[in-house]
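# Structural overview
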Amino acid sequence: MLRVLIADDQDLFRGGFAMILDAQSDITVVGEAADGDEAVCAASALRPDVVLMDVRMPFTDGVQATVQLKRREGSPPVLALTTFDDDQALAGMLRAGASGFVLKGVPAEDLHRAVREVAGGGAWLDPAVTGRVLAAYRSAAPPRSGQDTGLNALTGREREVLALIGQGRSNTEIAAGLVVSEGTVKTHINHLFTKLQLRDRASAVVFAFDHDLVTPSPGRRND
């Protein structure tokens with residue numbers, strides 16, 4: 001059973017998301033929070049598998065709360081909740097360590113899939129806003145120092161896999177696109193994670209964004 005904590009300052013949204021998620025036999029909402037501070041405290045007490053985190057909240061917002069969570073060992077993955085025009089804040093969420101983002105008007109089926117994907121260590125990038133978020137992310141990114149980041153140590157195939165991870169593709173999709181087995185994809189991912197010292201898929205997405213490896217595909221959704 002996947003345990004979800006919902007953090008949103010609006011009762012209506014919290015209640016709606018809780019109802020949508022609790023309707024699934026493999027997902028249960030274990031708690032709710034109305035701001036970032038509450039979310040951080042609740043995550044420590046309830047130990048959810050995923051935190052569904054609103055970007056804009058009073059006092060401590062979603063970006064600050066995600067930063068605080070990611071400083072803690074064994075913290076749960078964060079899936080950001082946003083409205084359509086919050087590109088800069090979403091870019092901040094990714095840099096803070098969020099595993100992806102969904103629009104607040106997302107269909108129920110896609111919300112279920114996003115939660116499961118992130119809980120399993122994956123990333124979820126809503127295609128409706130990914131292109132704009134990527135542009136905002138790059139515009140706010142600090143200039144790179146020119147030092148060797150390890151990218152040159154990757155094989156051509158590993159770079160290809162990293163770029164696809166940056167697009168939010170699942171292992172199944174990567175395998176199908178490259179016409180290889182999922183086992184081969186996992187091997188490439190393990191190698192590139194080791195070479196680049198990446199802790200998880202979310203950090204791989206950020207690395208791909210930082211190094212201009214991502215060209216978002218408009219109109220697609222993760223499987």
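Quick notes on the rules
Residues numbered from 1 in each chain as written. Predicted model: local features only at pLDDT ≥ 70, side-chain atom pairs only at ≥ 80, totals over all residues. Heavy atoms only, no water. Phe/Tyr/Trp six-rings, centres within 6.5 Å; stacked < 30°, edge-to-face > 60°. Helix = DSSP H or I, 4+ residues; strand = E, 2+ residues; numbered from the N terminus. Buried < 20%, exposed > 50% of the residue type's maximum accessible area, 1.4 Å probe, protein only. Expected span 1.5 Å × (residues − 1). Salt bridge = Lys/Arg side-chain N within 4 Å of Asp/Glu carboxyl O. Polar contact = N/O pair within 3.5 Å; in protein donor to acceptor, adjacent residues only side chain to side chain. Contact = heavy atoms within 4.5 Å. Core = buried A, V, L, I, M, F, W, Y, C linked by side-chain atoms within 4.5 Å. Axes fitted to C-alpha atoms, helices over the stretch in contact; angles between N-to-C directions. Parallel < 35°, antiparallel > 145°, perpendicular 65-115°, else oblique. Nonpolar A, V, L, I, M, F, W, Y, C, P; charged D, E, K, R; others polar. pLDDT = per-residue confidence, 0-100.

Let us now look at the packing of aromatic side chains. If you walk through the whole model with that rule in mind, you get one aromatic pair. Relative to Phe17, the ring of Phe13 lies with its centre 6.3 Å away and its plane at 20 degrees, an arrangement referred to as stacked. Here the residue Phe13 and the residue Phe17 both occupy positions in helix α1 (residues 11-22), the gap between them amounting to four residues, near one helical turn. The exposure class of Phe13 is partly exposed, given its relative accessible area of 27%.

Once that is clear, we can look at helix α5 (residues 108-119). If you check α5, its first and last C-alpha atoms are 17 Å apart, about what 12 residues at 1.5 Å a residue would give, namely 16 Å. Among the residues of α5, those classed as buried are Asp110, Leu111, His112, Ala114, Val115, Glu117 and Val118. Count one or two residues on from α5 and you reach Gly121, which has phi positive near 95 degrees.

Taken as a whole and judged by the stated rule, the model has 10 salt bridges. The shortest N-O distance in the salt bridge between Lys195 and Glu158 comes to 2.8 Å. Of this pair, Lys195 sits in helix α9 (residues 182-196) while Glu158 sits in helix α7 (residues 156-166), placing them 37 residues apart in sequence. Using a relative accessible area of 3% as the deciding quantity, one classes Glu158 as buried. Linked through salt bridges whose partners overlap, the residues forming this network are Asp8, Asp54 and Lys104.

Let us now look at unusual backbone geometry. Even without a glycine there, the phi angle at Val179 is positive, about 55 degrees. Following the sequence through the fold, Val179 ends up in the loop between α8 (171-178) and α9. By relative accessible area, which is 73% here, Val179 ends up exposed. Even without glycine at this site, Asp212 takes up a positive phi of about 55 degrees. Position of Asp212 relative to the elements: it lies in the segment after α10 (201-210).

Take the side chain of Asp8 next. Within the fold, Asp8 resides in the loop between β1 (2-7) and α1. Within the local environment of Asp8, its side chain forms a polar contact with the backbone nitrogen of Gln10, the two atoms lying 2.8 Å apart. The contact partners of Asp8, leaving out residues within four places of it in the chain, are Phe13, Arg14, Ala33, Ala34, Asp54, Met57, Leu81 and Lys104.

Our focus in this paragraph is the nonpolar core. If you look at the biggest cluster of nonpolar residues, it comprises 52 residues, and the most contacted ones within it are Met53, Leu162, Ile165, Leu192 and Phe209. Here this core takes six residues from α10, the largest share from any one element. If near-sequence neighbours (up to four positions away) are discounted, Ile165 is found in contact with Ile174, Ile189, Phe193, Arg201, Ala204 and Val205. Counting residues in each nonpolar core, the second largest holds 18 residues, with Val50, Leu81, Leu111 and Val118 among its members.

Their axes nearest at 9 Å, the elements α8 and α9 cross at an angle of 110 degrees. When the axis of α8 is compared with that of α9, the two are roughly perpendicular. Residues Asn171, Thr172, Ile174 and Ala175 of α8 lie in contact with α9, whose contacting residues are Glu182, Val185, Lys186 and Ile189. Per-class residue counts for the contact of α8 with α9 are four nonpolar, two polar and two charged.

Looking at the protein, the pLDDT average stands at 87 and 89% of residues meet or exceed 70. Note on residues 218-223: pLDDT under 50 across the span, and 21 contacts to partners over four residues away in sequence or across chains.

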